[in-house]
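# Analysis of the macromolecular model
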Amino acid sequence: MQNKIEKTVFYICLAEVLLGGGAFCLVWKFPGGAPLFLLVFLVSVLGTTMLGFRRVRNQVNHVMELVDDTIEQLILHHECSHFPENEDSLLGKFQSQIIKLHQILLSYEERERLRREQMEQSISDLVHQINTPISNLKIYAEFLNQPDLGEEERILFGKNILSQARKLEWLGEGFGKLSRLEQGIIQLHPAMQPVIGPLLSAIDEVTPKTLQNGNEIQLQADQHLEAWMDPKWTEEVFFNLLDNGTKYSSPGTPILIQVEKYEMHVKISVTTQGNLPGKEEIPRLFQRFYRGASSQGREGVGLGLYLVREIVRQQNGYLKTSLHPPGSLTFSVFLRNEPVTDRTGGAKDDTYFTH
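A brief look at the structure comes next. (Residues numbered from 1 in each chain as written. Predicted model: local features only at pLDDT ≥ 70, side-chain atom pairs only at ≥ 80, totals over all residues. Heavy atoms only, no water.)

### Details of the overall build of the chain
Along the backbone of the chain there are 7 helices and 8 strands. Every one of the 355 residues in the chain was classed for burial, and the buried ones make up 36%. Taking the intrachain contacts of the chain between residues at least 6 apart in sequence as the baseline, contacts between residues at least 24 apart amount to 72%. (Helix = DSSP H or I, 4+ residues; strand = E, 2+ residues; numbered from the N terminus. Buried < 20%, exposed > 50% of the residue type's maximum accessible area, 1.4 Å probe, protein only. Contact = heavy atoms within 4.5 Å.)

This is the structure we're talking about:
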């Protein structure tokens, strides 16, 4: 299209040059008719210019109509191509750039759609999870209002109310952290950091529970090992793994923590012994709100390991679960041992299970 306009302008100029040359020749050969020749020349040039201008205007209008249709079709999410994409012209480049812009906007729309769906699913999950403790609180409160209730029953129902209130508190805290991570409200800022700092902080935090359960934490680590991580949120990972291990460990059994350096990763393993999940349950342990059969009657809402997975994934790491050595359950976190330039997060399938 651009070439057509250029050709039209070229032909107009050529016609005017020819008319001018012809008029000059006539004036030179017939000097007496110069005024007439000059008048004819001016009328011819004016007519040619007007005809050429009209033709160029029609071509420009046609181009603008095609541009307008291209934009309109993209607004309607219908890709179209009026100009040759392989043509090295302004119109071809314009079409390519506006299609790229449209694709970028579509990706943003898709991301927002997925985010809305994720938010709706999260709200649905939360509502489903809080219905049970709220119903239990209502039932226990009604029991407490009975005039013939004994002291022992009153104490028992009071403990049950406290237990359900704690469950709501765990739901609120865990779900709040998880939602802020998933929605990008909280951004992780990983850097090369010593692993021992967050690990010792998590051990200090979980120690009261381990002492109460009679577990001893055994740490085998090189304090100089560094990994690509956000210290604050990686401490949350270590705490959740240790807290999970404390809940399901048999009293008096050790909780073993090992930190090892691999070629591309630093491996942090937490090994416990006790109430082990079945092999068929392992792939589901990291699902939101999932609680295994061995967790019945124990505190928790099933968000800890899911939060662990999200944090590790956002630091380009991955998780591995193993029922080895026999009679033990090992959760292993693999964090990169060098700076990461690709900040797209871990692999889609970032949890693994081995027997």
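What follows continues from the structure just given.
### Re the nonpolar core
In terms of nonpolar packing, the biggest core is built from 35 residues, with V195, V237, L241, L242 and I268 touching the most fellow members. Where this core is concerned, the elements lending two or more residues are α5 (196–213), β3 (226–229), α6 (231–248), β4 (254–261), β5 (265–273), α7 (304–313) and β7 (328–336). With 6 residues, α6 is the largest single contributor of residues to this core. (Core = buried A, V, L, I, M, F, W, Y, C linked by side-chain atoms within 4.5 Å.)

### Observations concerning a nonpolar patch on the surface
Taken together, L101, I104, L105 and Y108 make up a surface patch of nonpolar side chains, about 380 Å² in accessible area. Among the secondary structure elements, L105 is positioned in helix α3 (residues 90–144). With relative accessibility at 44%, the residue L105 sits in the partly exposed group. (Patch = residues over 30% accessible without salt bridge, like charges linked within 9 Å, V, L, I, M, F, W, Y side chains within 5 Å. Areas by Shrake-Rupley, 256 points an atom, 1.4 Å probe, with all protein chains shown as cover. Salt bridge = Lys/Arg side-chain N within 4 Å of Asp/Glu carboxyl O.)

### Description of the pattern of salt bridges
Counted according to the given criterion, the structure contains 5 salt bridges. The partner of R113 in a salt bridge is E110, and the shortest N-O contact between them spans 2.5 Å. One end of the pair is R113 and the other is E110, both in helix α3 and 3 residues apart, which spans about a single turn. Residue class for R113 comes out partly exposed when judged on its relative accessible area of 31%. In this structure E110 comes out as partly exposed when scored by relative accessible area, which is 35%.

### Description of the environment of E216
Note on placement: E216 falls in strand β2 (residues 216–220). With a relative accessible area of 51%, E216 lands in the exposed category. Expressed as a C-alpha distance, the spacing of E216 and P251, which sit 35 residues apart in the sequence, is 9.6 Å. The contact partners of E216, leaving out residues within four places of it in the chain, are T253, P254 and I255.

### Concerning unusual backbone geometry
Positive phi outside glycine occurs at N316, with the angle close to 60 degrees. Here N316 shows up in the loop between α7 and β6 (318–322).

### Observations concerning a negative patch on the surface
Among the surface-exposed residues, D148, E151, E152 and E153 lie close enough to one another that they form a single negatively charged patch. Mapped onto the fold, D148 is located in the loop between α3 and α4 (151–182). (Lys, Arg positive; Asp, Glu negative; His and termini not counted. Charge placed at Lys NZ, Arg CZ, Asp CG, Glu CD.)

Nothing here speaks to function; it is all geometry.
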